[in-house]
Amino acid sequence: MDTIKDYARLLHIPTLLLIAAFQVLMYFFVIVPSTKSLGVMPSMPILDLINLIGATVFMAAGGFVINDYFDLKIDQINRPLTRIVGRTMDKHTAMTLYIVLTVIGIVFALLLCWHARSIDYAIMLLFISGILWFYSSSYKRMLIVGNLIVSFLMGLVPFMVALFENRFLAVEYKTSPDLAYLMNENMMQILGFSLMAFGWTFMIEVIKDLATQKGDRELECHTLPIVLGEQKTKWILYVWNTLICLIFAFIIYKTPMLQNSLSYRFYICGTIIPALSLFYIINKAVNAGDYRLIVRYLLVIFAINIAYSYVVYSYYQSI
């Protein structure tokens, strides 16, 4: 039982489930009703949606493992009693697990791209798997670079659904002005969710840096808390938190389908109120335990914002 718990913690199972749910909701609550509203049936087969989710989840799982592999010395300082790699799992086993998970993810990716008849997308997905390695080995120790990479990759999670749906539409219907309009609509429908994923993930990554700053300082990492100090990093988070609220408000203002009472209630309860509470709890946080709790809270906020897809779905159901 302890072994299962260790693997679940190492693989960040709740986060992987969140990623899978994100793509499922984007497809069934956003892409499918949006496409049908324009008189066209979605083109990506369910099997290939599964391939996309498999590629995303297994690559992400491999990324979590290799991240702990390279963070061995940092974790010995920050969490000596709860770390997995180097305590209950040796480095060789961790590397083997990373290779297995990444290879499975690549197999899913290649199957997906083969069905989509796209070498370019296959190269892109292989590039992403490589980025996860280099992020863990070096980029995460650079000022802001690592935070931006992870945030960008999380922003790609919903965007990949629109990207591959458009690719399958192009394969089935070829090129036409109407098809170009539909493909653009798919991209725009998903863009707001990609921005949301980017914004909250950046906050999560910076909060994680605050939680691990003791070990990061010992190993001369150049994270925001190390370079600017804890208080200035908090001010960056306050500004970023405000920007997220303003950007989401702007998206609602510019999107007619989101201008309804359900959307406003969702925005207030799912974004504004949690964002206001973040100002308080970030200000009060003083140790690594506090920051880890904030990370969990942010994941809950993230999940609530993903559920905003129901607002889009309900709009299409009403027309």
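The sections below set out a description of the structure shown in this document. (Residues numbered from 1 in each chain as written. Predicted model: local features only at pLDDT ≥ 70, side-chain atom pairs only at ≥ 80, totals over all residues. Heavy atoms only, no water.)

Helices and strands together make up the secondary structure of the chain, namely 14 helices and 0 strands. What you see in the chain, going N to C, is helices and strands ordered as α-α-α-α-α-α-α-α-α-α-α-α-α-α. Its C-alpha atoms give the chain principal-axis dimensions of about 60 × 45 × 35 Å. Within the span of the chain, comprising 319 residues, buried residues form 49% of the whole. Counting only contacts in the chain whose residues sit at least 6 apart along the sequence, the fraction spanning at least 24 positions is 78%. (Helix = DSSP H or I, 4+ residues; strand = E, 2+ residues; numbered from the N terminus. Buried < 20%, exposed > 50% of the residue type's maximum accessible area, 1.4 Å probe, protein only. Contact = heavy atoms within 4.5 Å.)

Contact geometry for helix H12 (residues 261–284) and helix H13 (residues 288–306): axes closest at 10 Å, N-to-C directions at 170 degrees. Taken together, H12 and H13 sit at an angle that is classed as roughly antiparallel. Where H12 approaches H13, its residues Phe266, Gly270, Thr271, Pro274, Ser277, Leu278, Ile281, Ile282 and Lys284 are matched on the opposing element by Asp290, Ile294, Tyr297, Leu298, Ile301, Ile304 and Asn305. (Axes fitted to C-alpha atoms, helices over the stretch in contact; angles between N-to-C directions. Parallel < 35°, antiparallel > 145°, perpendicular 65-115°, else oblique.)

The next subject is the packing of aromatic side chains. Scanning the entire structure with this criterion turns up 17 aromatic pairs. Centroid distance Trp235 to Tyr238: 5.2 Å. Interplanar angle 85 degrees. Geometry classified as edge-to-face. Of this pair, Trp235 and Tyr238 both sit in helix H11 (residues 230–254), 3 residues apart, which is roughly one turn of the helix. You can call Trp235 exposed: its relative accessible area is 54%. (Phe/Tyr/Trp six-rings, centres within 6.5 Å; stacked < 30°, edge-to-face > 60°.)

Under the criterion given, the structure shown has 5 salt bridges. A salt bridge links Asp75 to Arg79; the shortest N-O distance between them is 3.3 Å. Residue class for Arg79 comes out partly exposed when judged on its relative accessible area of 21%. (Salt bridge = Lys/Arg side-chain N within 4 Å of Asp/Glu carboxyl O.)

With 19 residues, helix H6 (residues 119–137) extends 27 Å from end C-alpha to end C-alpha; this agrees with the ideal 27 Å at 1.5 Å per step. N-capping of H6 is provided by Ser118, with a side-chain oxygen placed 3.1 Å from the backbone N of Tyr121. (Expected span 1.5 Å × (residues − 1). Polar contact = N/O pair within 3.5 Å; in protein donor to acceptor, adjacent residues only side chain to side chain.)

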